[in-house]
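Report on the structure
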Amino acid sequence: MTAGRRWLVVVRAGSLTTVQDAGRPGLAHLAIPPSGALDRPAWRLANRLVGNPEDAAALETTVTGVSLRAGVTCVVAVTGAPAPVSVGGRAAGWGVPVALQAGQLLEVGTATAGVRSYVAVSGGIDVERVFGSRATDVLSGLGPPPLRDGCILPVGSTFGPVPAVDFAPYALPAARLRLTLHPGPRRQWLSEAGMAALGTQTWSVSSESNRIALRLDGPPLERRDRLEELPSEGVVVGGVQVPRDGLPLIFLADHPTTGGYPVVGVVDTDGVTACGQARPGTPISFELT
Amino acid sequence: MKVLPVGRHALLVEVDDQWAALGLYAQIQRRLDDCWPGPPPTDVVPGARTVLLDGLEDPGRVAREIEGWEAVPAPPARGESLVCPTVYDGPDLDDVAGWWGMSRQEAIAAHTATTFYVAFCGFSPGFAYIAGLPSGLAVPRLDTPRPSVPAGTVALAGEYTAVYPRSSPGGWQLIGHTDLVMWDVSRDPPALLRPGMLVRFVEADA
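The written sequence of each chain sets the order in which its residues are numbered from 1. For naming, the first written chain is A and the first written ligand is 1, with later ones following in the order written. Per-residue local features of the predicted model are confined to residues with pLDDT of at least 70, and side-chain atom pairs are confined, for both listing and counting, to 80 or more; whole-chain, interface and lining totals are unaffected and use all residues. Hydrogens and water molecules were not included; the side-chain quantities draw on all heavy atoms of the structure.

1. With respect to the overall build of chain A
As a reminder of what qualifies: Think of it this way: any DSSP run of H or I at least four residues long counts as a helix, any run of E at least two long counts as a strand, and we number them from the N terminus. We compute the radius of gyration from the C-alpha atoms alone; for a globule the expected value is 2.2 Å times N to the 0.38, where N is the number of residues. For the exposure calls, accessible area comes from a 1.4 Å probe over protein chains only, and a residue counts as buried if that area is under 20% of its type's maximum, exposed if over 50%, partly exposed in between. By definition in these notes, contact holds between two residues if any of their heavy atoms fall within 4.5 Å.
Scanning chain A from terminus to terminus reveals three helices and 20 strands. Over its C-alpha trace chain A gives a radius of gyration of 20 Å, about what one expects of a compact globule, namely 19 Å for 289 residues. Seen through its C-alpha atoms, chain A measures out along the principal axes to roughly 65 × 35 × 30 Å. Burial analysis of chain A (289 residues in total) assigns 56% to the buried set. Sequence-distant contacts, at least 24 apart, represent 77% of the contacts inside chain A between residues at least 6 apart.

2. Details of the sheet that holds strand S16 (residues 239-241) of chain A
Residues and elements named next belong to chain A. Just so we agree on the cut-off: Two strands are counted as paired when DSSP detects at least two bridges linking them. Between N-to-C directions, angles cover 0 to 180 degrees, with each direction set by a line fitted to C-alpha atoms, over the stretch in contact for helices.
Pairing is mixed in the closed barrel, where seven strands are placed in the order S12-S19-S16-S17-S14-S13-S20. The average angle at which neighbouring strand axes cross in this sheet is 40°, direction not considered. The pairing of S16 with strand S19 (residues 263-267) spans three bridges and is classified as antiparallel. What sits directly across from Gln241, in S19, is Val263.

3. Considerations on the pairing of strand S12 (residues 173-177) of chain B
Each regular strand carries side chains that alternate between the two faces of the sheet. Residues and elements named next belong to chain B. Counted residue by residue, S12 has four buried out of five residues, so it is predominantly covered. In the sheet, strand S9 (residues 153-157) pairs with S12 via four bridges, with the strands oriented antiparallel. When the bridges of S12 are listed, Val154 appears paired with Gly176.

4. A word on the interface of chain B and chain A
Stated formally: By convention in these notes, a salt bridge is any Lys or Arg side-chain nitrogen within 4 Å of a carboxyl oxygen on Asp or Glu. Distance and chemistry together define a polar contact, namely a pair of N or O atoms within 3.5 Å, with one atom able to donate a hydrogen and the other to accept it when in protein, and with adjacent residues in sequence counting only for side-chain atoms on both sides. Three classes are used: nonpolar for Ala, Val, Leu, Ile, Met, Phe, Trp, Tyr, Cys and Pro, charged for Asp, Glu, Lys and Arg, and polar for all others, with Gly counted as polar.
Taken together, the contact between chain B and chain A spans 35 residues of the former and 28 residues of the latter. Put simply, A:Asp268 and B:Arg8 hold a salt bridge, and the shortest N to O gap is 3.4 Å. Our enumeration of links across chain B and chain A arrives at ten residue pairs in polar contact (both at pLDDT 80 or more). The biggest single contributor to the side of chain B that touches chain A is strand S3 (residues 43-46) of chain B, with four residues. For the side of chain B that touches chain A, the residue count by class is 21 nonpolar, seven polar and seven charged.

5. Considerations on unusual backbone geometry
Residues B:Asp188 and B:Pro189 are joined by a peptide bond in cis, for which omega reads -5°. Among the secondary structure elements, B:Pro189 is positioned in the loop between S12 and strand S13 (198-203). Unusually for a residue other than glycine, A:Phe131 sits at a positive phi of about 50°. If you trace the backbone, A:Phe131 turns up in the loop between strand S10 (117-121) and strand S11 (152-154).

6. Examining helix H4 (residues 104-113) of chain B
All names here are of chain B. Note the threshold: By construction, the arc corresponds to the directions joining the helix axis to the C-beta atoms.
Ala107, Ile108, Ala110 and His111 are the residues of H4 that are buried. Along the axis of H4, the buried residues cluster in a sector spanning 160°; they form a single face. On its buried side, H4 packs onto helix H3 (93-100), strand S6 (116-121), S9, strand S10 (160-163), S12 and S13.

7. Digging into the pattern of salt bridges
Counted according to the given criterion, the structure contains 14 salt bridges over all chains. A salt bridge links A:Arg211 to A:Asp254, with the nearest nitrogen and oxygen atoms 2.9 Å apart. Remark: A:Asp254 occurs in the loop between strand S17 (249-251) and strand S18 (258-259) and A:Arg211 occurs in the loop between strand S13 (203-205) and strand S14 (213-217); sequence separation between them is 43 residues. With respect to class, A:Arg211 is no different from A:Asp254; both count as buried. Through salt bridges with shared partners, one network takes in A:Arg186, A:Glu233, B:Lys2, B:Glu14 and B:Arg49.

8. Regarding the packing of aromatic side chains
Residues and elements named next belong to chain B. To keep it simple, the criterion reads: Think of it this way: a Phe, Tyr or Trp ring, Trp meaning its six-membered ring, pairs with another when their centres are within 6.5 Å, and the plane angle makes it stacked under 30 degrees, edge-to-face over 60, tilted otherwise.
Counted under the stated rule, the structure contains 13 aromatic pairs over all chains. Measuring from centroid to centroid gives 5.8 Å for Trp19 and Tyr117, while their planes differ by 85°, and the two rings are edge-to-face. Within this pair, whereas Trp19 is found in helix H1 (residues 18-34), its partner Tyr117 is found in strand S6, the two being separated by 98 residues in sequence. The class of Tyr117 is buried, set by a relative accessible area of 16%. Measuring from centroid to centroid gives 5.5 Å for Tyr129 and Tyr160, while their planes differ by 90°, and the two rings are edge-to-face. Taken together, the positions of Tyr129 in strand S7 (residues 128-131) and Tyr160 in strand S10 put the pair 31 residues apart, joining distant regions of the chain. The class of Tyr129 is buried, set by a relative accessible area of 9%. Among the aromatic residues, ring-to-ring pairing joins Phe120, Phe123, Phe127, Tyr129, Tyr160, Tyr164 and Trp172 into one connected group.

9. Considerations on the nonpolar core
Going by this rule: The set of buried Ala, Val, Leu, Ile, Met, Phe, Trp, Tyr and Cys residues whose side-chain atoms join them within 4.5 Å is what this entry labels a nonpolar core.
In terms of nonpolar packing, the biggest core is built from 38 residues, with A:Leu214, A:Ile250, A:Ile284 and A:Phe286 touching the most fellow members. Each residue touching A:Ile250, except ones within four places of it in the same chain, is listed here: A:Leu179, A:Ile212, A:Ala213, A:Leu214, A:Leu216, A:Gly238, A:Gly239, A:Val240, A:Val267, A:Cys275, A:Ile284 and A:Phe286.

10. Some details on the packing of H3(B) against H4(B)
Residue and element names in this part refer to chain B. Heads up, the rule is: Angle categories are assigned with fixed cut-offs, so that under 35 degrees is roughly parallel, over 145 is roughly antiparallel, 65 to 115 is roughly perpendicular, and the rest are oblique.
Taken N-terminus to C-terminus, the directions of H3 and H4 make an angle of 85°; their axes are 9 Å apart at the nearest point. In terms of orientation, H3 and H4 fall into the roughly perpendicular class. Contact residues: H3 offers Leu93, Asp94, Ala97 and Trp100, while H4 offers Arg104, Ala107, Ile108 and Ala110. Split into classes, the residues belonging to the contact of H3 with H4 amount to six nonpolar, no polar and two charged.

11. Remarks on helix H2 (residues 59-67) of chain B
Residue and element names in this part refer to chain B. Within the sequence span of H2, burial applies to Pro59, Val62, Ala63 and Ile66. End-on view of H2: buried residues confined to an arc of 105°, all on one side of the axis. Contact partners of the buried residues in H2: strand S1 (2-6), strand S2 (10-14) and strand S4 (50-54).

12. A few points about the pairing of S6(B)
Residues and elements named next belong to chain B. Along S6, six of the six residues are buried, which leaves the element largely enclosed by surrounding structure. In this structure, S6 lies alongside S13, joined through two bridges in antiparallel fashion. Bridge pairing links Tyr117 to Leu198 in S13. When S6 meets S7, the two strands line up antiparallel, connected through four bridges.

So, in structure tokens, the structure goes:
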């Protein structure tokens with residue numbers, strides 16, 4: 001098969017399906033968000049299952065899955081949020097390599113838990129790179145736009161042998177989250193009561209959450225009375241910011257690189273991964289270190 | 001100089017003002033070129049009075065190192081600079097001149113006479129907050145942001161000036177425009193303005 005003749009047709013794009021890879025770290029000083037797959041372990045696993053390098057570009061769905069018609073015979077794997085998978089109308093496996101013949105339809109249905117499924121294809125999604133990455137950044141619009149019905153995705157031609165596996169271990173998304181929270185730079189912007197509540201209260205994941213941030217609903221955190229504004233400062237993935245309304249949010253991959261509200265704590269990598277799979281309504285609390 | 005924790009892999013270094021932050025950013029750049037202790041950070045992000053170091057393997061060690069540094073509130077450094085030819089025809093120029101108690105021409109002269117430095121980027125890719133206006137010349141943001149400001153628009157807000165890298169909504173006071181292409185994803189680096197650069201505006205004919 002010659003390069004340039006490998007593709008997938010998007011039959012049903014789903015609510016928000018994007019191309020994701022390792023994103024664009026190292027450019028935050030130019031206000032370019034890190035972006036990239038939210039559930040990195042699931043994204044890497046999907047690539048390994050189809051014989052790709054771990055960091056190849058794959059698709060990230062949002063709850064409602066995606067349907068793709070193969071323009072080339074290839075191997076696909078669906079990981080992350082568990083969802084029914086079918087090929088040509090017949091049930092196929094989740095979390096395993098699945099053969100897809102040219103012309104066949106791959107359907108990834110609505111996730112039964114979690115939010116984001118990853119669909120890797122042997123050869124990787126081969127859209128143009130922007131600053132070294134093929135990732136869609138929903139905040140700044142860098143990278144390819146989200147998938148639309150009918151669009152065509154080029155597929156790369158470099159991949160290795162498909163591993164012989166019939167089961168790949170992957171932790172299912174949790175029904176409630178207890179996240180380890182490390183100290184952030186602006187803890188003192190919370191009152192004593194606010195700080196205590198941060199470590200004891202349970203919030204619920206808001207439906208306003210997206211790739212930029214996981215937003216939390218619940219009793220507002222009390223901030224100290226401060227008249228001055230916090231001048232813009234750099235923020236990190238996993239940063240827990242408390243805006244004026246006292247409702248914390250957790251920065252995810254497409255977060256703005258600077259912010260003017262206090263960051264009171266930072267969730268570590270595993271916590272950020274869990275946030276990427278947390279559905280609206282999921283109870284969430286913090287364990288302060 | 002105060003070193004604040006940012007989780008397990010980052011630090012926020014806080015200094016007294018914008019000039020000290022620029023000096024610190026320049027100092028970090030120099031040390032990264034010469035003699036950084038251990039693995040370098042993945043990101044160094046200046047802010048209005050901070051510099052964030054992200055992607056550190058051992059923030060504790062870097063924190064101890066930084067606490068021994070002297071704060072030098074002197075800007076740059078690498079000697080990179082940009083001259084930005086500007087047509088002063090913005091819809092808010094008369095308002096700005098009014099706040100400054102100047103004529104339109106005097107306001108243009110004040111802007112072109114200032115030596116600016118790119119303090120930090122934020123808001124959107126390539127959007128540079130350019131510091132240097134005397135604090136007496138700070139201007140408020142618009143009460144109602146415009147839904148669309150064209151790329152290349154030269155604007156003011158607070159003590160900062162900026163040149164919109166891409167068309168976007170904007171609440172800054174618009175004083176003119178430049179034909180320079182501020183942002184181009186196919187260029188490396190994509191942004192004409194990067195933290196630490198010296199910037200001068202010169203008046204261009206319409």
